[in-house]
Amino acid sequence: MWDNTWKQRKGKRKQDLGSTAYLLAETSGQLEILGTLDMDLFNWNLMFQPTIFSLPIVGLWPRHDSYQSDLYTLYAVICISFFMYTNTFLQTINIFIVEMDLKALAATIFVGEHIVAVLKVSGLLQNLKEIKNLMKQLNSESFQPKSTSQLKMVKEYLRLWRIFYLTYQWGVLALGIFWLTKPILEKSYKDYELPFFAWYPVDVKTSPFYQIVYLYQCVALFYIALAHMQLDLLSTGLMVYIGIQCDILCDNVTHVTCIPDLVECIIHHKKILRDFNAFIGNIILAQFVSSAVSIALGLFKLGLTVPGSAEFYTIITFAWIMILELFLYCWFGNEVELKSSNIPAAACNCNWIGKSIKLQKMVLFFVMRTQRHMTINAHNLFSLTLRTYMGIMRSSWSYFAVLRQMNAPQV
């Protein structure tokens, strides 16, 4: 299938894509969109389409590269300020003005995730132009699959990503429903209990303030959950994309037979390193710290909850979502490191023996350069790997054991 020159392979790619584009479109769940594209290009934006569709709803994805003086900007300011920043501030201030013990502190476990959501949204707004430009570069020539086998490889990896995506999405939805209906299921609404502990400048123990605040918390929760979830999926989706590009690069470099082919592979490798690490690394540090503490508090709270109650299932769902969220980051971050480690071996397996001295030297330099594996890291403090994931799980269990021990005399 692979010819000896880049132009011949490029012509062959058009034929290969024409026979497999429908199959790949079905994987992404967008049959009608890919059918209208030039068969010489695969639309990578399809894997991010649910995220790009949801972010404008919460005011985080303007039509242009930045916010303009229009109604959408006004809508974004109102939503972000009222439903995210204000809601998180009112929950946070409640921790400092109310006398807290361990049990009361455990009841505020959701505050940490709201704070992380605020930090993620702030990071997105700060780097919005760069992220928009990044999304536009996904379909550049260097990142396109070049054979039927590469398309099948992409299909298999996107299927795995879709399973994780749907599991996480439905889990977040179930958590939101459980948490918001907990006062109703436990009939604690008769005592004017709200889904979240927060401080308000009005007496929420009276009508109609209780109903108004309850509705406000419902809207705010789904707003924050949608924004938080889609930013997680945007970050992990970029990791999936990097992993796929490493696989494509390995396959490309294996079939290198001349200098122009190797130059294309070098350019491809440099673009992956340059474009796709900064945004991800800037938003995960706070997420990992908050999740470790939230899991520990969730387990502690679970031990104080009556088994079988609505709160019991709510806490279980919350802990499961936190574990799954960390797993998504660490799994696909680990995949990036593993897949990038295959690039030097792939370069050594290309047909460079007996070729020109210049090509042989370029292959050797490329092998030496790619021996430094790609990693997704949090400000160079730690890398996203399965080893990091297990370390965080152990830390969460240690925090839980300490909290349990501190509360033992009170039980």
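Structure: see above.
Keep in mind it's a predicted model, so treat the numbers as computed, not measured. (Residues numbered from 1 in each chain as written. Predicted model: local features only at pLDDT ≥ 70, side-chain atom pairs only at ≥ 80, totals over all residues. Heavy atoms only, no water.)

Caption draft 1: Spatial organisation of a nonpolar patch on the surface. A surface patch of nonpolar side chains, amounting to about 470 Å² of accessible area, comprises Leu 166, Trp 170, Leu 173, Ile 177 and Phe 222. In terms of residue count, helix α8 (residues 148–185) provides more of the nonpolar patch than any other element does, four residues in total. Looking at where Leu 166 falls in the secondary structure, it is placed in helix α8. (Patch = residues over 30% accessible without salt bridge, like charges linked within 9 Å, V, L, I, M, F, W, Y side chains within 5 Å. Areas by Shrake-Rupley, 256 points an atom, 1.4 Å probe, with all protein chains shown as cover. Salt bridge = Lys/Arg side-chain N within 4 Å of Asp/Glu carboxyl O. Helix = DSSP H or I, 4+ residues; strand = E, 2+ residues; numbered from the N terminus.)

Caption draft 2: Representation of the state of the cysteines. Applying the stated criterion to the full structure yields zero disulfides. Of all cysteine sulfurs in the structure, the one in Cys 250 sits closest to Cys 246, which takes part in no disulfide; the separation is 6.7 Å. Judged by its relative accessible area of 11%, Cys 250 is buried. (Disulfide = S-S within 2.5 Å. Buried < 20%, exposed > 50% of the residue type's maximum accessible area, 1.4 Å probe, protein only.)

Caption draft 3: Here's a closer look at empty space enclosed by the protein. Per the stated rule, a full pass over the model turns up six cavities of 30 Å³ or more. The calculated volume of the largest cavity comes to roughly 180 Å³. As for the largest cavity, its lining consists of 15 residues, of which Phe 110, Val 172, Leu 175, Ala 225 and His 228 are closest to the centre. Counting residues per element, the ones that place at least two in the lining of the largest cavity are α6 (109–126), α8, α9 (209–254) and α13 (310–340). Tallying contributions element by element places α9 first for the lining of the largest cavity, with five residues. Of the residues in the lining of the largest cavity, the class split is 10 nonpolar, three polar and two charged. (1 Å grid on protein atoms, 1.4 Å probe; cavity = no way out; pocket = protein on both sides within 12 Å on 5 of 7 lines; lining within 4 Å. Points joined across faces, edges and corners; volume = space filled by probe spheres on them. Nonpolar A, V, L, I, M, F, W, Y, C, P; charged D, E, K, R; others polar.)

Caption draft 4: Fine view of the nonpolar core. Residues Trp 44 and Trp 179 are the most contacted members of the largest nonpolar core, which totals 109 residues. The element that contributes the greatest number of residues to this core is α9, accounting for 26 residues. Setting aside its immediate chain neighbours within four residues, Trp 179 contacts Ile 109, Phe 110, Pro 195, Phe 196, Leu 221, Thr 314, Ile 315 and Phe 318. (Core = buried A, V, L, I, M, F, W, Y, C linked by side-chain atoms within 4.5 Å. Contact = heavy atoms within 4.5 Å.)

Caption draft 5: Broad picture of the packing of aromatic side chains. One pass over the structure, following the stated rule, counts 23 aromatic pairs. Considering the side-chain rings of Phe 83 and Tyr 216, the 6.1 Å spacing of their centres and the 25° angle between planes classify their relative orientation as stacked. Taken as a pair, Phe 83 in helix α4 (residues 71–97) and Tyr 216 in helix α9 lie far apart in primary sequence, 133 residues in all. The two residues Phe 83 and Tyr 216 agree in class, both being buried. Seen from their ring centres, Phe 312 and Tyr 313 are 5.7 Å apart, and the 80° between their planes marks the pair as edge-to-face. (Phe/Tyr/Trp six-rings, centres within 6.5 Å; stacked < 30°, edge-to-face > 60°.)

Caption draft 6: Spotlight on the pattern of salt bridges. The final tally for this structure, using the stated rule, is eight salt bridges. Salt-bridge contacts for Lys 136 lead to Asp 65; the nearest nitrogen and oxygen are separated by 3.0 Å. Taken together, the residues span a long stretch of sequence, with Lys 136 in helix α7 (residues 128–136) and Asp 65 in the loop between α3 (49–54) and α4 at a distance of 71 residues. Measuring nitrogen to oxygen at the nearest pair gives 4.0 Å for the salt bridge that ties Lys 339 to Glu 335. Of this pair, Lys 339 and Glu 335 both sit in helix α13, four residues apart, which is roughly one turn of that helix. Like Glu 335, Lys 339 is buried. Within the structure, one salt-bridge network assembled from shared partners comprises Lys 120, Asp 232 and Glu 325.

Caption draft 7: How the structure looks around the packing of helix α12 (residues 284–303) against α13. Two elements in contact, α12 and α13, have axes whose closest approach is 9 Å; the angle formed by their N-to-C orientations is 150°. One finds that α12 runs roughly antiparallel with respect to α13. Once α12 is placed against α13, the crossing between them reads as left-handed. Between α12, through Ile 284, Gln 287, Phe 288, Ser 291, Ser 294, Ile 295, Gly 298, Lys 301 and Leu 302, and α13, the contact on the second element is made entirely by Glu 311, Phe 312, Ile 315, Ile 316, Phe 318, Met 322, Ile 323, Glu 325, Leu 326, Tyr 329 and Cys 330. Among the residues forming the contact of α12 with α13, the class breakdown is 13 nonpolar, four polar and three charged. (Axes fitted to C-alpha atoms, helices over the stretch in contact; angles between N-to-C directions. Parallel < 35°, antiparallel > 145°, perpendicular 65-115°, else oblique. Left-handed = near helix turned anticlockwise from the far one by under 90°.)

Caption draft 8: Expanded view of α13. Between its terminal C-alpha atoms α13 stretches 45 Å, which fits the 45 Å expected from 31 residues at 1.5 Å a residue. Within α13, 24 of the 31 residues are buried, leaving the element largely enclosed by the surrounding structure. (Expected span 1.5 Å × (residues − 1).)

Caption draft 9: Up close: the packing of α8 against α13. At a closest axis distance of 9 Å, the pairing of α8 and α13 adopts a crossing angle of 160°. Looking at the two axes, α8 sits roughly antiparallel to α13. Crossing handedness for the pair α8 and α13: left-handed. Class assignment for the residues of the contact of α8 with α13 results in 22 nonpolar, four polar and five charged.

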